[in-house]
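Okay, here's what each chain looks like letter by letter:
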Amino acid sequence: MTTQTTTNKQLAASFRDPSGFLFSRSGILYRQINRAYEQEYARLMDSGLYEKLTKVGLLIPHIEVEQTLAEVQEAAFKVIQPERVPFISYPYEWSFGQLKSAALATLSIQKRALKLGMSLKDASAYNIQFVHGKATLIDTLSFEIYKEGEPWVAYRQFCQHFLAPLALMALKDVRLSQLLRVYIDGVPLDLASELLPSKTRLNFGLLTHIHLHAGAQKKYAYAGEEVKSRSGSMSKQAMTGLIESLESTIQKLDWTPRGTEWGNYYDITNYSDAAFEHKKQLVSEWTKRVQPALAWDLGANNGVFSRVVSEACPYVVAFDIDPAAVEQNYRQVKNDKTENLLPLLLDLTNPTPAIGWANRERDSFGERGPADMVLALAVIHHLAISNNVPLPQLADFFAETGKWLVIEFVPKPDSQVQKLLTSRKDIFPNYTRAGFEAAFKAKFTIHEAIEVRESERVLYLMESC
Amino acid sequence: MHFSPHLYLDPGSGSILIQVVIAALLGLGVATRLFWGTIKKWLGIKSKPVEDDDDADDN
């Protein structure tokens, strides 16, 4: 079930908040605001907070529509239509930098909200999406009226969804972001506390917000009523101090990609400049010919070909298995202020599954497609040889993933394939150009097959039939 | 402490407690900073311009 569904349905992920919910009707996404939320919504709009946040791209803009469109009339106060997110992505698909941006955006929103008498009632990483290249809050109903003295109810969630995984990625191993796939409400703080190096206890922010926080959670797990009476109040100044502490702790966390498998890919591969330029030229020509609205670059590395596509395509998602490549790509996106390119982490041999309640809250990789055009440059040998996937099954997969396919066949004589075969038996008699074309013709019409200059490789343009 | 009905999220008892403790400590820091700002003004020492929240953050 995707947000692009054309059936009338409440979104599978939108059920926790009594203030309202998202639903889809005739392909349009709406948010119903319930009567219980009337005051809060009024404050959001009248205080100027909505305008301030949307102006700097921190909150998704919306328009108000006919109340008769409400999905559940009795409860409805208003119906709004938010701007669509071109491609939904999840925190376990983000690079370190993207999660950091999402965290800082959340805190920035909270600071601005406090100034205007409001406060975030949750701090879930799933409330943030990348829109126009920036981390943006998509849950318009996340705001409550701030009452001085009240603690931040979202503090626990913020530490689990943002601070813990960022600290683990920066200080232990960048791959630990995948814990977010297993723990749907963020990394448990006791786990983060155990995994983080002990030197992190010397860092005030990590000591308090992770280690001591984990201890307090354990100690007061069953405290309930006792806590309510004992805890005391928190002034606005104290709240501000808390937010700023989280902010500076996160600002100081850094992960610089270096020396991972693909980070220096284009420096060490066997492409001559002529081959590279020829590939870019073909990708550019074919994109202009196909005119896709949404393109996916599978195995995009640092996005060099994704950028070529993005010059003639309104939105491109650049997937790669290597966190260093995705990070590099994202840093360049931020630097260039690119709005139509989204780098994401993806292991093609084990793509993101659907998770959450009833395995339907967060969509799988495939459920968020198909794309109009898919690029599969320099990946086929990894799938067919390293992962032993038979060519016909690869053809099936690509046919389901996108309407048009730009795919590069990397034959056995190519040095990259030779590397993959050095320490294993060659059990791939069908992995030849003829075998490749036969397998793909079953699912595609091959429009073009061009040999890449100064290389053994062949670039194809195919359309699924 | 009364939680409004909109607050569907479980804040966690331990999280509430630790937060109040940390925030109290840090609130001292914020208050001190503001206090020093006032002292500096009295003494005629120029302070850095306050950041304008209307500008987009470089996140």
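In case you missed it, the structure is sitting above this.
Residues numbered from 1 in each chain as written. Chains lettered and ligands numbered in written order. Predicted model: local features only at pLDDT ≥ 70, side-chain atom pairs only at ≥ 80, totals over all residues. Heavy atoms only, no water.

Attention shifts here to the overall build of chain A. Of regular secondary structure, chain A possesses 17 helices and 16 strands. For 465 residues, the compact-globule estimate of 2.2 N^0.38 gives 23 Å, and chain A sits close to it at 24 Å. Seen along its three principal axes, the alpha-carbon backbone of chain A occupies a region of about 75 × 55 × 40 Å. Counting every position in chain A, which comprises 465 residues, the buried fraction comes to 59%. Residue pairs at least 24 apart in sequence account for 70% of intrachain contacts in chain A once pairs closer than 6 positions are excluded. By element, 51% of the accessible surface of chain A is carried by carbon and sulfur atoms, the whole surface being about 19,000 Å². Taken as two groups, the 51 positive and 53 negative side-chain charges of chain A have centres that lie 4 Å from each other. (Helix = DSSP H or I, 4+ residues; strand = E, 2+ residues; numbered from the N terminus. Rg over C-alpha atoms; globule rule 2.2 N^0.38 Å. Buried < 20%, exposed > 50% of the residue type's maximum accessible area, 1.4 Å probe, protein only. Contact = heavy atoms within 4.5 Å. Areas by Shrake-Rupley, 256 points an atom, 1.4 Å probe, with all protein chains shown as cover. Lys, Arg positive; Asp, Glu negative; His and termini not counted. Charge placed at Lys NZ, Arg CZ, Asp CG, Glu CD.)

Each helix and strand counted, chain B has one helix and zero strands in total. Accessible surface for chain B amounts to roughly 4,100 Å². Of this, 62% is attributable to carbon and sulfur atoms.

This paragraph deals with helix α15 (residues 391-401) of chain A. For the α-helix, the turn length of 3.6 residues means that residues three or four positions removed from each other point alike. Residue and element names in this part refer to chain A. Looking at α15, one finds that the buried residues are Leu 391, Leu 394, Ala 395, Phe 398 and Thr 401. Buried residues of α15, seen end-on, are gathered within an arc of 130° and therefore sit on one face of the element. Buried residues along α15 sit against β10 (294-298), β13 (371-376), α14 (380-386), β14 (402-409), α17 (433-441) and β15 (444-451). (Arc of directions from axis to C-beta.)

Here the focus is the interface of chain B and chain A. Accessible area lost upon the coming together of the parts serves often as the stated size of an interface. Contacts between the two partners involve 36 residues from chain B and, on the opposite side, 52 residues from chain A. Both sides together, the interface formed by chain B and chain A hides about 3,900 Å², and carbon and sulfur atoms give 63% of it. If you look at where chain B meets chain A, you find zero salt bridges. Linking chain B with chain A are four residue pairs in polar contact (both at pLDDT 80 or more), by the criterion used here. Looking at side-chain class alone, the side of chain B that touches chain A contains 19 nonpolar, 10 polar and seven charged residues. (Buried area = accessible area lost by both parts, 1.4 Å probe. Salt bridge = Lys/Arg side-chain N within 4 Å of Asp/Glu carboxyl O. Polar contact = N/O pair within 3.5 Å; in protein donor to acceptor, adjacent residues only side chain to side chain. Nonpolar A, V, L, I, M, F, W, Y, C, P; charged D, E, K, R; others polar.)

Let's shift gears to the pattern of salt bridges. Residue and element names in this part refer to chain A. In total, this model carries 21 salt bridges over all chains according to the counting rule given. When the shortest N-O distance is used, the salt bridge between Glu 64 and Lys 78 registers 3.0 Å. With Glu 64 in strand β4 (residues 62-65) and Lys 78 in strand β5 (residues 76-82), the pair connects residues that are 14 residues apart, well separated along the chain. A relative accessible area of 43% places Glu 64 in the partly exposed class. Two residues, Arg 289 and Glu 448, come together in a salt bridge whose shortest N-O distance is 2.8 Å.

Where nonpolar side chains cluster on the molecular surface, the patch consists of A:Phe204, B:Val21, B:Leu25 and B:Leu28 and spans about 400 Å² of accessible area. By residue number, the principal contributor to the nonpolar patch is helix α1 (residues 13-42) of chain B, which donates three residues. Within the secondary structure, B:Leu25 sits in helix α1. (Patch = residues over 30% accessible without salt bridge, like charges linked within 9 Å, V, L, I, M, F, W, Y side chains within 5 Å.)

All right, on to the pairing of strand β8 (residues 134-137) of chain A then. All names here are of chain A. The pairing of strand β7 (residues 128-131) with β8 spans four bridges and is classified as antiparallel. Across the sheet, the residue bridging to Phe 130 is Ala 135, located in β8. Here β7 folds back onto β8 in antiparallel fashion, the turn holding two residues, of which His 132 has a positive phi close to 55°. (Pairing = 2+ DSSP bridges.)

This part is about the nonpolar core. All names here are of chain A. Grouped together as the largest cluster of nonpolar side chains are 127 residues, with contacts concentrated most on Phe 143, Trp 152, Trp 296, Ile 380, Phe 398, Ile 407 and Phe 440. Ranked by residue count, the leading element in this core is helix α4 (residues 155-171), at 11 residues. Excluding residues that lie within four positions of it along the chain, Trp 296 makes contacts with Phe 87, Val 317, Phe 319, Phe 365, Arg 368, Gly 369, Ala 371, Met 373, Val 374, Leu 375 and Thr 401. With 24 residues, the next largest nonpolar core counts Phe 276, Val 308, Val 406 and Leu 461 among its residues. (Core = buried A, V, L, I, M, F, W, Y, C linked by side-chain atoms within 4.5 Å.)

Moving on, we come to the environment of A:Lys419. All names here are of chain A. Mapped onto the fold, Lys 419 is located in helix α16 (residues 415-421). Since its relative accessible area comes to 52%, Lys 419 is described here as exposed. Taking the C-alpha atoms as reference points, Lys 419 and Ile 138, 281 residues apart in sequence, are found 45 Å from one another.

On to the sheet that holds strand β12 (residues 341-345) of chain A. All names here are of chain A. Spatial ordering of the open sheet is given by β12-β11-β10-β13-β14-β16-β15, a layout of seven strands whose pairing is mixed. Since the sheet does not close on itself, it has two edges, and those belong to β12 and β15, each with one partner. If you compare each strand with its neighbour and ignore which way they point, the axes differ by 15° on average. Sheet analysis places β10 next to strand β11 (residues 315-320), joined by five bridges and oriented parallel. (Axes fitted to C-alpha atoms, helices over the stretch in contact; angles between N-to-C directions.)

Read these as layout, nothing more, since geometry by itself doesn't imply function.
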